[in-house]
Amino acid sequence: MIDYEEELKKFEPCLDVTDAEGAIYDRELTDILDVLQEVLREAKSNRRTR
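Engineer: Hey, could you run me through the overall build of the protein in this one?
Structural biologist: Secondary structure summary: the protein contains three helices and zero strands in total. Written out in order from the N terminus, the α and β elements of the protein read α-α-α. The globule rule puts the C-alpha radius of gyration for 50 residues at 10 Å, and the 24 Å found for the protein is more than 25% above it. Considering only C-alpha atoms, the protein reaches an extent of 80 × 15 × 10 Å along its principal axes.

Now the structure itself:
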């Protein structure tokens, strides 16, 4: 029978998962709020120049 407690003690996470997690969290992603803020900034800028 499998001793789950012993197996958990031997567990080591896959390095690929750890590397991927770091790459995902370190990236600066543009989300929809960033896009909307830029559109509003440009619209205000265009209104002032008219």
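Engineer: What exactly am I supposed to notice about the pattern of salt bridges here?
Structural biologist: Oppositely charged side chains may form a pair once their charged atoms are brought near each other. Summed over the entire model, instances satisfying the criterion amount to three salt bridges. The salt bridge partner of Lys-10 is Glu-7, with a shortest N-O separation of 3.4 Å. Pair noted here: Lys-10 and Glu-7 are both in helix H1 (residues 4-10), with a separation of three residues, about one helical turn. Measuring nitrogen to oxygen at the nearest pair gives 2.7 Å for the salt bridge that ties Arg-41 to Glu-38. One end of the pair is Arg-41 and the other is Glu-38, both in helix H3 (residues 32-49) and three residues apart, which spans about a single turn.

Reading the values: rules and limits
Residues numbered from 1 in each chain as written. Predicted model: local features only at pLDDT ≥ 70, side-chain atom pairs only at ≥ 80, totals over all residues. Heavy atoms only, no water. Helix = DSSP H or I, 4+ residues; strand = E, 2+ residues; numbered from the N terminus. Rg over C-alpha atoms; globule rule 2.2 N^0.38 Å. Salt bridge = Lys/Arg side-chain N within 4 Å of Asp/Glu carboxyl O.

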